[in-house]
Amino acid sequence: MEPARQWHVSCRDVAGRRRDISVLFNQGNVVVVAPPGETAVLSPLEVGRLRAALRDAIVEAAAME
(Lines give C-alpha, C1' and ligand atoms only; values in the text may rest on other atoms or scores of the structure.)
Protein backbone atom coordinates (compact mmCIF):
# COMPACT_ATOMS: atom_id res chain seq x y z
CA MET A 1 0.00 0.00 0.00
CA GLU A 2 1.28 3.47 -0.95
CA PRO A 3 1.76 6.07 1.79
CA ALA A 4 -0.84 8.84 1.90
CA ARG A 5 0.05 12.06 0.05
CA GLN A 6 -0.50 15.16 2.18
CA TRP A 7 -0.72 18.92 1.69
CA HIS A 8 -0.95 21.44 4.52
CA VAL A 9 -2.57 24.87 4.43
CA SER A 10 -1.92 27.39 7.19
CA CYS A 11 -4.87 29.19 8.72
CA ARG A 12 -5.95 30.70 12.02
CA ASP A 13 -8.71 29.73 14.40
CA VAL A 14 -11.30 32.25 15.62
CA ALA A 15 -8.98 33.20 18.50
CA GLY A 16 -6.20 34.05 16.03
CA ARG A 17 -3.97 31.06 16.83
CA ARG A 18 -1.99 29.46 13.99
CA ARG A 19 -3.49 26.17 12.81
CA ASP A 20 -3.30 23.92 9.74
CA ILE A 21 -5.83 22.29 7.46
CA SER A 22 -4.55 19.03 5.99
CA VAL A 23 -5.61 17.59 2.65
CA LEU A 24 -4.76 13.93 2.16
CA PHE A 25 -5.08 11.54 -0.73
CA ASN A 26 -5.43 8.09 0.78
CA GLN A 27 -6.64 4.87 -0.83
CA GLY A 28 -8.46 6.65 -3.65
CA ASN A 29 -10.13 9.23 -1.41
CA VAL A 30 -9.54 12.92 -0.73
CA VAL A 31 -9.63 13.63 3.01
CA VAL A 32 -9.79 17.14 4.51
CA VAL A 33 -8.75 17.44 8.17
CA ALA A 34 -9.59 20.70 9.90
CA PRO A 35 -8.27 21.78 13.29
CA PRO A 36 -10.08 19.62 15.87
CA GLY A 37 -13.07 21.38 17.36
CA GLU A 38 -12.09 24.64 15.68
CA THR A 39 -13.29 26.92 12.95
CA ALA A 40 -10.65 27.66 10.32
CA VAL A 41 -10.32 31.31 9.27
CA LEU A 42 -8.53 31.64 5.93
CA SER A 43 -7.16 34.70 4.17
CA PRO A 44 -7.67 34.94 0.40
CA LEU A 45 -4.11 33.61 -0.12
CA GLU A 46 -4.79 30.67 2.21
CA VAL A 47 -8.03 29.89 0.35
CA GLY A 48 -5.98 29.77 -2.87
CA ARG A 49 -3.57 27.33 -1.22
CA LEU A 50 -6.46 25.16 -0.04
CA ARG A 51 -7.90 25.17 -3.55
CA ALA A 52 -4.51 24.12 -4.97
CA ALA A 53 -4.15 21.32 -2.41
CA LEU A 54 -7.64 20.02 -3.22
CA ARG A 55 -6.91 20.22 -6.95
CA ASP A 56 -3.65 18.26 -6.54
CA ALA A 57 -5.40 15.61 -4.46
CA ILE A 58 -8.23 15.15 -6.95
CA VAL A 59 -5.76 14.90 -9.84
CA GLU A 60 -4.14 12.00 -8.00
CA ALA A 61 -7.54 10.44 -7.33
CA ALA A 62 -8.48 10.69 -11.01
CA ALA A 63 -5.18 9.10 -12.03
CA MET A 64 -6.00 6.08 -9.84
CA GLU A 65 -9.31 5.38 -11.63
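Let me sum up the structure you'll find in this document. (Residues numbered from 1 in each chain as written. Predicted model: local features only at pLDDT ≥ 70, side-chain atom pairs only at ≥ 80, totals over all residues. Heavy atoms only, no water.)

This paragraph deals with the nonpolar core. Counting 10 residues, the largest nonpolar core consists of Trp7, Val9, Cys11, Ile21, Val23, Phe25, Leu50, Ala53, Ala57 and Ala61. Among the elements of the structure, strand S1 (5-12), strand S2 (18-26) and helix H1 (44-64) are those that each provide at least two residues to this core. The biggest single contributor to this core is H1, with four residues. (Core = buried A, V, L, I, M, F, W, Y, C linked by side-chain atoms within 4.5 Å. Buried < 20%, exposed > 50% of the residue type's maximum accessible area, 1.4 Å probe, protein only. Helix = DSSP H or I, 4+ residues; strand = E, 2+ residues; numbered from the N terminus.)

Note: S1 against S2, eight bridges, orientation antiparallel. Looking at S2, one finds that histidine 8 is bridged to serine 22. Between S1 and the antiparallel strand that follows it, S2, lie five residues; glycine 16 among them carries a positive phi value of about 90°. Here five bridges tie S2 to strand S3 (residues 29-33), and the two strands are oriented antiparallel to one another. Of the residues in S3, the one forming a bridge with phenylalanine 25 is valine 30. Joining the antiparallel neighbours S2 and S3 is a turn of two residues, in which glutamine 27 adopts a positive phi near 50°. (Pairing = 2+ DSSP bridges.)

As a further point, take a nonpolar patch on the surface. Residues Val30, Val32, Leu54, Ile58 and Val59 make up a contiguous nonpolar surface patch of roughly 390 Å² in combined accessible area. Contributions of two or more residues to the nonpolar patch are made by S3 and H1. With three residues, the single largest contributor to the nonpolar patch is H1. Inspection of the secondary structure puts valine 59 in helix H1. (Patch = residues over 30% accessible without salt bridge, like charges linked within 9 Å, V, L, I, M, F, W, Y side chains within 5 Å. Areas by Shrake-Rupley, 256 points an atom, 1.4 Å probe, with all protein chains shown as cover. Salt bridge = Lys/Arg side-chain N within 4 Å of Asp/Glu carboxyl O.)

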